[in-house]
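# Structural features, examined
Each chain is listed here by its residues.
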Amino acid sequence: MYLKPILQAKGTSEQADEVMSKTIMDVQNQICRSDFALHSAKLSTYFIGCLIKKWAVAQKTTVSVVEYETVAPFLDAPTTSVEDDFIREERAALVRQALETLGDRCKSLLTMFGKSFKMEEIATEMGYANVQTAKNQVAICRDRVREILRGKI
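All of the points below concern the structure found in this document. Just so it is clear, the structure is predicted and the values come from calculations on it, not from any experiment. Throughout this document, residue positions are counted from 1 along each chain, in the order its sequence is written. Where local features are concerned, this predicted model is filtered to residues with pLDDT of at least 70; where side-chain atom pairs are given and counted, the filter is 80 or more; whole-chain, interface and lining totals use all residues. Excluded from the side-chain calculations are hydrogens and water; all other atoms, namely the structure's heavy atoms, are used.

## Section: the overall build of the chain
Counted only if it meets this: Numbering of helices and strands runs from the N terminus, with a helix taken as a DSSP run of H or I at least four residues long and a strand as a DSSP run of E at least two residues long. Remark: exposure states derive from per-residue accessible area (1.4 Å probe, protein chains only) relative to the maximum for the residue type, with buried under 20%, exposed over 50%, and partly exposed in between. Contact definition: two residues touch when any of their heavy atoms are within 4.5 Å. The accessible surface values rely on the Shrake-Rupley method and a 1.4 Å probe; as for residues, cover is taken only from the protein chains in view.
When helices and strands are tallied, the chain shows eight helices and zero strands. Going from N to C terminus, the chain has its helices and strands arranged as α-α-α-α-α-α-α-α. The buried share among the 153 residues of the chain stands at 33%. Considering only contacts within the chain whose residues lie at least 6 apart along the sequence, 59% involve residues at least 24 apart. Summed over its atoms, the accessible surface of the chain is roughly 9,800 Å², and 54% of this surface lies on carbon and sulfur atoms.

The following block contains the structure:
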């Protein structure tokens, strides 16, 4: 189970064994911290993520090509911990779930707002009378998302 992701990323079983003990110690240290929380990930998923990230970081200088799909999610922010990566991913998933509960207009509006459309463009695209109406609707939709997420994040 723990060897498979590294083998899929063109690693060897020896490389997996090498980072396994380091990963076990790192995960144990993280779990013992009072502020540690998995939120929605399983411990096994967290462990595998830690293992892959530690392997990928160790191999950066010696492996020229790895399977991008397998390792890339763990290389996006090498200065952050795997725990931070999981928390960020979990929060993004919660926000996506919250957006799915909104109506199509709110989803479209927040999508345009999130993509940094100008309020004039949003007002025109959404058929609002003016920019102020667009701003008000953005605020209403953001408040709905916040209400849905209250207590989850």
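## Concerning the side chain of Q15
Note the following rule: Polar contact is the term for a pair of N or O atoms within 3.5 Å; when the atoms are in protein, one must be able to donate a hydrogen and the other to accept it, and sequence-neighboring residues count only if both atoms are side-chain atoms.
Here Q15 shows up in helix 2 (residues 13–32). Given the relative accessible area of 19%, Q15 is considered buried. There is a polar contact of 2.9 Å between the side chain of Q15 and the backbone nitrogen of T12.

## Describing the pattern of salt bridges
This is how the line gets drawn: For this document, the term salt bridge refers to a Lys or Arg side-chain nitrogen within 4 Å of an Asp or Glu carboxyl oxygen.
Within the structure shown, the criterion is met by four salt bridges. R146 is the salt-bridge partner of D143, the closest N and O atoms lying 3.2 Å from each other. With D143 and R146 both in helix 8 (residues 131–149) and three residues apart, the pair spans about one turn of that helix. Accessibility expressed as a relative area gives 44% for D143, which makes it partly exposed.

## Considering the packing of helix 7 (residues 119–126) against helix 8
The packing of two helices is summarised by the inter-axis angle and the distance between the axes. The test is simple: Angles shown run from 0 to 180 degrees and are taken between the N-to-C directions of axes, each axis being a line fitted to C-alpha atoms and, for helices, limited to the stretch in contact. By the definition adopted for this analysis, an angle is roughly parallel if under 35 degrees, roughly antiparallel if over 145, roughly perpendicular if from 65 to 115, and oblique otherwise. Throughout, the ten residues Ala, Val, Leu, Ile, Met, Phe, Trp, Tyr, Cys and Pro are labelled nonpolar, Asp, Glu, Lys and Arg are labelled charged, and all others, Gly among them, are labelled polar.
Direction vectors running N to C along helix 7 and helix 8 enclose 90°, while the axes themselves pass 8 Å from each other. With respect to their mutual orientation, helix 7 and helix 8 come out roughly perpendicular. Counting all contacts with helix 7, which are made through M119, E120, I122 and A123, the residues of helix 8 involved are V131, A134, K135 and V138. When its residues are assigned to classes, the contact of helix 7 with helix 8 shows six nonpolar, no polar and two charged.

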